Amino acid sequence: MSAPKISACIVAYCDYEEVCAAVRSVLANTPGQDFRLFVVDNASPDGCGQKLAAEDFGDSRVTVRCLPENVGFGRGHNSIMEELDSDVHFILNPDVLLRDDVLTGMAAWLLEHPGVVMATPQLYFPDGRIQHLPRRKPTPWLLLARQLAGRLGGVFEKTDRHYTMQDEDLSQPRPIEFCTGSFAALRTDVFKAIGGFDPEYFMYVEDADLTQKALQRGQVYLLPQFGAVHAWHRAPMRDAGKFKMQLVSMGRYFRKWGCGRGRI
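Overview of the structure. (Residues numbered from 1 in each chain as written. Predicted model: local features only at pLDDT ≥ 70, side-chain atom pairs only at ≥ 80, totals over all residues. Heavy atoms only, no water.)

This part covers unusual backbone geometry. One non-glycine residue with positive phi stands out, namely C14, at about 70°. With respect to the helices and strands, the residue C14 is situated in the loop between β1 (6-12) and α1 (16-28). Phi angles above zero are rare outside glycine, and A43 is one such case at about 55°. The residue A43 is located in the loop between β2 (35-41) and α2 (48-54) in this model. (Helix = DSSP H or I, 4+ residues; strand = E, 2+ residues; numbered from the N terminus.)

Turning next to the nonpolar core. Inside soluble globular proteins, nonpolar side chains tend to come together where they are buried. Counting 41 residues, the largest nonpolar core has V23, L37, L52, F90, M106 and F183 as the members making the most contacts within it. Counting residues per element, this core draws most heavily on α1, at seven residues. Counting residues in hydrophobic clusters, the runner-up holds 28 residues, among them C9, V71, A184 and L186. (Core = buried A, V, L, I, M, F, W, Y, C linked by side-chain atoms within 4.5 Å. Buried < 20%, exposed > 50% of the residue type's maximum accessible area, 1.4 Å probe, protein only.)

Before going further, it helps to spend a moment on the environment of T120. Here T120 is to be found in strand β6 (residues 116-124). The spatial distance from the C-alpha of T120 to the C-alpha of K244 is 28 Å, given a sequence separation of 124 residues. In contact with T120, other than residues within four places in its own chain, are M106, I176, C179, T180, F183, Y221, L222 and L223. At 2.7 Å, the side chain of T120 and the backbone oxygen of F183 are in polar contact. (Contact = heavy atoms within 4.5 Å. Polar contact = N/O pair within 3.5 Å; in protein donor to acceptor, adjacent residues only side chain to side chain.)

This brings us to a nonpolar patch on the surface. On the surface, W141, L144 and V155 cluster together to form a nonpolar patch covering roughly 270 Å² of accessible area. Since its relative accessible area comes to 35%, W141 is described here as partly exposed. (Patch = residues over 30% accessible without salt bridge, like charges linked within 9 Å, V, L, I, M, F, W, Y side chains within 5 Å. Areas by Shrake-Rupley, 256 points an atom, 1.4 Å probe, with all protein chains shown as cover. Salt bridge = Lys/Arg side-chain N within 4 Å of Asp/Glu carboxyl O.)

Let us now look at the packing of aromatic side chains. Aromatic ring pairs are reported here in terms of the distance separating the ring centres and the angle at which the planes meet. Throughout the structure, instances matching the rule amount to five aromatic pairs. Judged by centre distance (6.2 Å) and plane angle (85°), the ring pair of F90 and F183 falls under edge-to-face. Of the two residues, F90 is situated in strand β4 (residues 88-92) and F183 in strand β8 (residues 183-187); the sequence distance between them amounts to 93 residues. When its relative accessible area of 0% is taken as the criterion, F90 is described as buried. Consider the rings of W109 and Y221, whose centres lie 5.5 Å apart with planes at 45°: the pair is tilted. Of this pair, W109 sits in helix α4 (residues 102-112) while Y221 sits in strand β9 (residues 219-230), and the two are 112 residues apart along the sequence. With respect to class, W109 is no different from Y221; both count as buried. One Lys or Arg, R129, reaches over the ring of F125 and ends 4.2 Å from the middle of that ring. Here R252 stacks its cationic end above the ring of Y201, 5.8 Å away from the centre of that ring. (Phe/Tyr/Trp six-rings, centres within 6.5 Å; stacked < 30°, edge-to-face > 60°. Lys NZ or Arg CZ within 6 Å of the ring centre and 35° of its normal.)

Now the structure itself:
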């Protein structure tokens with residue numbers, strides 16, 4: 001079987017140095033020439049986009065796009081969709097660092113398993129701790145418990161452990177119902193067929209929505225044999241604007257997909 005044709009996209013918003021570190025780690029650890037990396041700047045007010053456009057990464061496989069306005073996470077990723085001609089496409093956060101050739105391995109695995117259309121690796125904090133990002137299909141109760149677990153413990157903590165699948169064996173490849181947008185691989189034809197991210201989400205829950213659309217085309221998997229570092233900058237819910245945005249996104253998600261439990 002020939003090497004898979006791979007593409008990837010990083011949507012940036014400020015923090016030029018972090019974005020550059022992510023880009024360099026992807027380029028250094030993805031040796032194939034049949035690879036294209038898009039870096040989309042979402043009109044960063046700190047000049048990140050202009051710096052990225054002027055940056056010489058020394059690699060013709062990277063393309064920088066600077067959007068005239070901040071269109072949000074999902075629409076930022078969708079903005080390059082028509083340019084994709086790959087077999088497998090990766091959605092990557094700017095706070096992800098690769099340590100080895102994860103993209104080629106994951107892409108090959110996907111193409112060897114035709115029933116799987118989307119996958120995520122095991123992500124780790126910079127200090128080596130596991131991040132519990134594979135999750136069950138969201139429900140209002142599970143999302144409430146997620147917010148209260150750290151403060152109130154008890155039943156909320158137990159429910160959050162269930163939501164993040166910490167009560168399951170995740171040491172082997174297995175189906176999941178919620179694939180994080182921090183690092184996701186999709187068959188490119190499926191990504192295009194489902195229209196990418198729903199553009200009505202500006203931020204929050206758009207990855208859960210994308211997963212549900214992918215599940216209509218096949219299975220979604222956790223692939224723990226592959227790993228990467230993820231800094232995971234979580235926005236504090238003390239920010240009233242971000243909290244309101246999250247509530248709006250959650251409302252849209254539950255209107256589309258219902259409030260019931262998933263299949264696992």
